[in-house]
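Residue strings, one per chain:
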Amino acid sequence: MQRAGNTGMRLDEGQMGSKVARKKIKSCEKIDSHEPAEPADCDAFPKTTYLVLRFAPGIDPKALQWLIKKIKGPREKGGGELLLRRQPGCDEKDGAILHISATAARISEAAEELDLRLIGQNDPLSSSERRLIVLHGLMQGIRALPEDDHIPSYPTARLYNGQSIIEVFHEVGLLESFYPLHNKENLRRLRKQWYCNFFSHQPIDEIRAYFGDAIAMYFSFLGFYTTALLFPMLLGLVQMWFSGPESLLPAIFTILNSFWVILFLVLWKRHSNCLAYSWNTIKTTGLDDEPRANFRGLMGKDRVTGRLLPQYPRWKSFVKMYAVSWPIALVCAAVAFYIMLASFWAEQIILVWGTMQEDGTQSEPDLGVQALVMIPSIVYTALVFLMNFYYRKLATWLTEWENHRTQSQFDRHRVLKLVVFEFVNNFMALFYIAFVYQDIEMLRYQIALMLILLQFLNHFQEAIIPYFLLKYARKVSILLGNKTQKDHDSDSSSAEEDTKPILPYEDRTGAKIRRRQNSISLGSKSKLAFFSALTDTPELDVNDVRVLQTVAEGERDEYESTYDDYLELFIQFGYVILFSSVYPAAAICAVVNNVLEVRADAFKLCRVTRRPLPKRVKDVGAWQRAFEAVGVISICTNCALLYLMPGLRENLAPGVSELNWALATGALEHALIALGLLLYLAVPSQPEWVRVALARQNYQSTKALKLS
């Protein structure tokens, strides 16, 4: 089992949170040893850019100037009190690029407001925490005032009092993207400890210090889950080696795997609470979070903070959710299920038609028939891709329409809608093969195909292909840049030879390599207005390394969230446990895949995608419920598969009628679910040392309030 802070499962519960905190302090200092400190002077710009804002080409200068004043402005007037510099060479055709940073005083003040430290901790802020502070000041601090009813020059971009201005800019397309820059020295040190060191534990503390809580929680879960899979892998090896047609091992291992599923989920919940305590996120609730930028409601006094914030009755969100959104989601899942059935029926019709002889007998299918039989599967695969694409958009729109107050609530309800649809697309075909066709060999073949082939393709698609495409794009840009520069030099007069730009044109402007086709052409007056909007914003030195780094990292793909990573593990978890009684080798394939998955995902984050925005989390969110639901379903499916095994019935209960055998497997299923529920309730979700530490914190807080 793992240790908190690395990737193990087990924490020494006799040790208190101080040891975890000391370890965290040491790791954060190590990862941030090359992070320059913020200046105390409000006019000086730090050597670290915490966020880069890339605006759309053709943005109206009035809107840009208005936002810049908001970012610089005082907090009491709806501003962010942040520091700004603009990218050298920005023009109206490519859009402005701004570098955001903050003073040491602003960072320190915001750290106290966000409660980033446990009581008694005075360690330096990590790299991800500093960026989280600046992101919070940008997204939550810069809000519309009563007189700000719309974005200047864009009357259709409506604003309400207290709404996040940055989020509206992003939603309407005026702000193309915003992302933090990598710290190359820290990233190099992290890579050596992480995916370059194949046989070591994951440096979870260092991952959190650099990427934030959400990324660290995902990799901690991945390591914990992989270590836990060693038990079913061992059972699978024993079952594969010793099991026969009439062996009792499938029944025994079904019982053991059922207990393993419940125990794994319970222990993970305990482990995540240990991490949440050491990260000081264990006390966070939905009421503590700031309202989402897109949360709509009438302005009113907040029940917790007393501030004026948008208010919306929770019962209205529930009515929308259960009366409209979930029925639509279930209809979409039913349509996906029917399309899956149609593909099976089409295959069967083609097979019968192609092999039917004149005398009514069936022959072996020839190559032509085998090729025709594959057509429904190919069409179904393409339809699944399209359905997933559009259903994600629909689920996002429905969840947005439900108007959840916090981002964590929004993410949870969106994930639950998506998981139901993904479950139907990935597992219902296997259920059909197992319980309608009742073809165990075909079921084993399909699970093996999904686990081995598709997961290998996922690694190839996620990390390897984007990496080489990125390298190829950079080489092309260098060649094009050199050619453009040579042409420019050959056409230049001798008087211009002393004023050659230091950087190639594309790099100086900060534009993407592939220019946007929909860039808005502005007249000469608009050009003057564009530059006048940036007059009060100083420019970074053209030789500053951040200029080229901003361009290079802007070309990378955005890492949107951990949803796709958790989804891969969720689907794999289903393949491993839903049919473990008939395919015990699934756990072996999963362990091998996950060892590679850790390195592939780490490589993707460090070398392929932009640095993700930091996010605070206390657990895996809705994925805990999703894994628990699949765990319960697995008990039912494996007991049903035991019923379908004729050799097991003849060996274990010879002479028993089919009805009594069905009742016996049903009773086993009910007993396993009941025992699993008792185990789930008997094991506390928080270790004793965490409960004691939280009680001590409450006592110290109460005592401090009385003294004050």
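Before reading on, note that the structure itself is shown above.
The paragraphs below set out a description of the structure included in this document. As the structure is a prediction and not an experimental result, all values here were calculated from the model.

Here we come to the overall build of the chain. Counting secondary structure elements, the chain contains 23 helices and eight strands. Looking at the chain as a whole, 50% of its 708 residues qualify as buried. Once local pairs closer than 6 in sequence are excluded, the contacts in the chain between residues at least 24 apart make up 77%. Accessible area of the chain: about 34,300 Å², with a carbon and sulfur share of 62%.

This paragraph deals with the pattern of salt bridges. Under the defined criterion, the tally for this structure stands at 14 salt bridges. A salt bridge links arginine 75 to glutamate 109, with the nearest nitrogen and oxygen atoms 3.0 Å apart. Separated by 34 residues along the polypeptide, arginine 75 in the loop between helix H2 (61-72) and strand S2 (83-86) and glutamate 109 in helix H3 (residues 104-114) bring together distant segments of the chain. Residue glutamate 109 is classed as partly exposed on the basis of its relative accessible area, which comes to 38%. One salt bridge in this structure joins aspartate 565 and lysine 604, with 3.1 Å as the shortest N-O distance. You can see aspartate 565 sitting in helix H18 (residues 563-577) and its partner lysine 604 sitting in helix H19 (residues 586-608), a full 39 residues away along the chain. Residue class for lysine 604 comes out buried when judged on its relative accessible area of 9%. One connected set of salt bridges, linked through shared partners, spans Arg75, Glu109 and Glu113.

Right, let's talk about empty space enclosed by the protein for a bit. Applying the stated criterion to the full structure yields three cavities of 30 Å³ or more. Approximately 80 Å³ is the volume attributed to the largest cavity. Along its surface, the largest cavity is lined by Pro232, Leu235, Gly236, Gln239, Asn257, Val576, Ile577, Ser580, Tyr583, Pro584 and Ala587. Put simply, the parts of the chain that give the lining of the largest cavity at least two residues each are helix H9 (230-242) and H18. Looking at the lining of the largest cavity element by element, the count peaks at four residues for H9.

Scanning all chains against the criterion turns up 38 aromatic pairs. Aromatic side chains phenylalanine 221 and phenylalanine 264 sit 6.3 Å apart centroid to centroid with 45° between the ring planes, which places their arrangement in the tilted category. In this pair, phenylalanine 221 is assigned in helix H8 (residues 213-228) and phenylalanine 264 in helix H10 (residues 249-278), connecting sequence segments 43 residues apart. Given the relative accessible area of 3%, phenylalanine 264 is considered buried. Sitting over the ring of phenylalanine 318, arginine 314 keeps its end group 4.7 Å from the ring centre. Positioned above the aromatic ring of tyrosine 179 is the side chain of arginine 610, whose terminal nitrogen or guanidinium carbon lies 4.5 Å from the ring centre.

Once that is clear, we can look at the environment of aspartate 619. Here aspartate 619 shows up in the loop between H19 and helix H20 (622-644). Sequence separation between aspartate 619 and methionine 217 is 402 residues; the distance between their C-alpha atoms is 7.1 Å. If we ignore the near neighbours within four places in the chain, the residues touching aspartate 619 are Met217 and Ser272. Within polar-contact distance, the side chain of aspartate 619 engages the backbone nitrogen of glycine 621 at 2.9 Å.

Reading the values: rules and limits
Residues numbered from 1 in each chain as written. Predicted model: local features only at pLDDT ≥ 70, side-chain atom pairs only at ≥ 80, totals over all residues. Heavy atoms only, no water. Helix = DSSP H or I, 4+ residues; strand = E, 2+ residues; numbered from the N terminus. Buried < 20%, exposed > 50% of the residue type's maximum accessible area, 1.4 Å probe, protein only. Contact = heavy atoms within 4.5 Å. Areas by Shrake-Rupley, 256 points an atom, 1.4 Å probe, with all protein chains shown as cover. Salt bridge = Lys/Arg side-chain N within 4 Å of Asp/Glu carboxyl O. 1 Å grid on protein atoms, 1.4 Å probe; cavity = no way out; pocket = protein on both sides within 12 Å on 5 of 7 lines; lining within 4 Å. Points joined across faces, edges and corners; volume = space filled by probe spheres on them. Phe/Tyr/Trp six-rings, centres within 6.5 Å; stacked < 30°, edge-to-face > 60°. Lys NZ or Arg CZ within 6 Å of the ring centre and 35° of its normal. Polar contact = N/O pair within 3.5 Å; in protein donor to acceptor, adjacent residues only side chain to side chain.

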